Amino acid sequence: KTSEWSICVQTGSQEGIAKAVDMLIGPEDTVLVDDPTYAGTLALMRPIGCTLEGIACDGEGMIPENLQSKLEELKAKGIRPRVVYTVPTGQNPSGSTATEARKEQIYKIACEWNLLIMEDDPYRFLHY
């Protein structure tokens, strides 16, 4: 019997991110990331040679209007990002935490632009 779920065993969250980066991102890709974003992920993405585009954050994480305007700016240049990387809870290094409303706004934009959301959320269950 086959399950609808697949399991990817890893030794920690950084290895999980590395596997996702390996599967989803190539040198020709443009990746949208929180600005600022987690240095460990940047260390995984930079050697690939992909283009990293920062999206400004505030106390509630990635700012949806900035994501939308960056996507429009890139589209005008003929660039279509496939992945947006974000740390929604206790964002490292800023410490911001996205509200549910903010997450919904980001999700809506991602759906409109056919973006994969790479959500790095190691602190979700530690947040109160």
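Basis of the calculations
Residues numbered from 1 in each chain as written. Predicted model: local features only at pLDDT ≥ 70, side-chain atom pairs only at ≥ 80, totals over all residues. Heavy atoms only, no water. Helix = DSSP H or I, 4+ residues; strand = E, 2+ residues; numbered from the N terminus. Expected span 1.5 Å × (residues − 1). Buried < 20%, exposed > 50% of the residue type's maximum accessible area, 1.4 Å probe, protein only. Arc of directions from axis to C-beta. Pairing = 2+ DSSP bridges. Contact = heavy atoms within 4.5 Å. Axes fitted to C-alpha atoms, helices over the stretch in contact; angles between N-to-C directions. Salt bridge = Lys/Arg side-chain N within 4 Å of Asp/Glu carboxyl O.

Asks: Quick question: what am I supposed to make of helix H1 (residues 13-24) here?
Replies: Residues that lie three or four places apart on an α-helix share one face, since the helix turns once every 3.6 residues. Between its first and last C-alpha atoms H1 spans 16 Å; for twelve residues at 1.5 Å apiece the expected length is 16 Å, and the two agree. By the burial criterion, the buried members of H1 are Gly16, Ile17, Ala20 and Val21. Here the buried residues of H1 occupy an arc of 135° about the axis, which is enough to place them on one side. With respect to the buried face of H1, the exposed residues turned more than 90 degrees away are Asp22 and Met23.

Asks: Looking at this structure, I do not really get the sheet that holds strand S3 (residues 61-62). What am I missing?
Replies: The pairing of strands in a sheet comes from backbone hydrogen bonds and takes either a parallel or an antiparallel form. Read from one edge to the other, the open sheet built from five strands follows the order S3-S2-S1-S4-S5, with strand pairing classed as mixed. Both edges of this open sheet fall to S3 and strand S5 (116-119), since each of them pairs with a single strand only. The sheet contact formed by strand S4 (residues 83-86) and S5 spans four bridges and is parallel. Residue pairing in the sheet places threonine 86 in a bridge with glutamate 119 of S5. Docked against the sheet, helix H3 (residues 64-76) engages strand S1 (30-35), strand S2 (51-58), S3 and S4, running at close to 155° with respect to S2.

Asks: Is there a simple way to think about the pattern of salt bridges in this case?
Replies: Side-chain pairs of opposite charge can arise whenever the charged atoms involved come near each other. For the coordinates displayed, the defined rule picks out eight salt bridges. Note that glutamate 15 is salt-bridged to lysine 19, the shortest N-O span being 3.4 Å. Linking glutamate 15 with lysine 19, this pair stays in helix H1, spanning four residues, or about one helical turn. In this structure, lysine 77 engages glutamate 73 in a salt bridge whose closest nitrogen and oxygen atoms are separated by 3.6 Å. The structure contains a network of salt bridges with shared partners spanning Glu53, Lys70, Glu73 and Lys77.

Asks: What should I look at first to understand the side chain of threonine 41 in this one?
Replies: Within the element layout of this structure, threonine 41 appears in helix H2 (residues 39-45). Under the relative-accessibility criterion, threonine 41 is labelled buried at 1%. If we skip the residues at most four places from it in the chain, threonine 41 touches Gln14, Ile17, Tyr85 and Asp120.

Asks: Sorry if this is basic, but what is going on with the pairing of S2 here?
Replies: Side chains on a regular strand alternate between the two faces of the sheet. Here six bridges tie S1 to S2, and the two strands are oriented parallel to one another. Residue aspartate 34 lies in a different strand from S2, and its bridge partner there is isoleucine 55. When S2 meets S3, the two strands line up antiparallel, connected through two bridges. Within the sheet, the bridge partner assigned to cysteine 57 lies in S3 and is methionine 62. What sits between S2 and S3 in their antiparallel hairpin is a turn of two residues.

Asks: Would you take a moment to explain unusual backbone geometry for this structure?
Replies: Generally, phi is negative for residues other than glycine and the peptide bonds are trans, each holding for most cases. The omega angle of the peptide bond from aspartate 35 to proline 36 is 10°, so this bond is cis rather than trans. If you trace the backbone, proline 36 turns up in the loop between S1 and H2. A cis geometry characterises the amide bond from asparagine 92 onward to proline 93, with omega recorded as 20°. You can see proline 93 is positioned in the loop between S4 and helix H4 (100-112). Although it is not a glycine, asparagine 114 sits at a positive phi angle of roughly 55°. Along the polypeptide, asparagine 114 turns up in the loop between H4 and S5. Overall, the relative accessible area of 67% leaves asparagine 114 in the exposed class.

Everything listed here is a matter of coordinates, which is why it stays silent on function.
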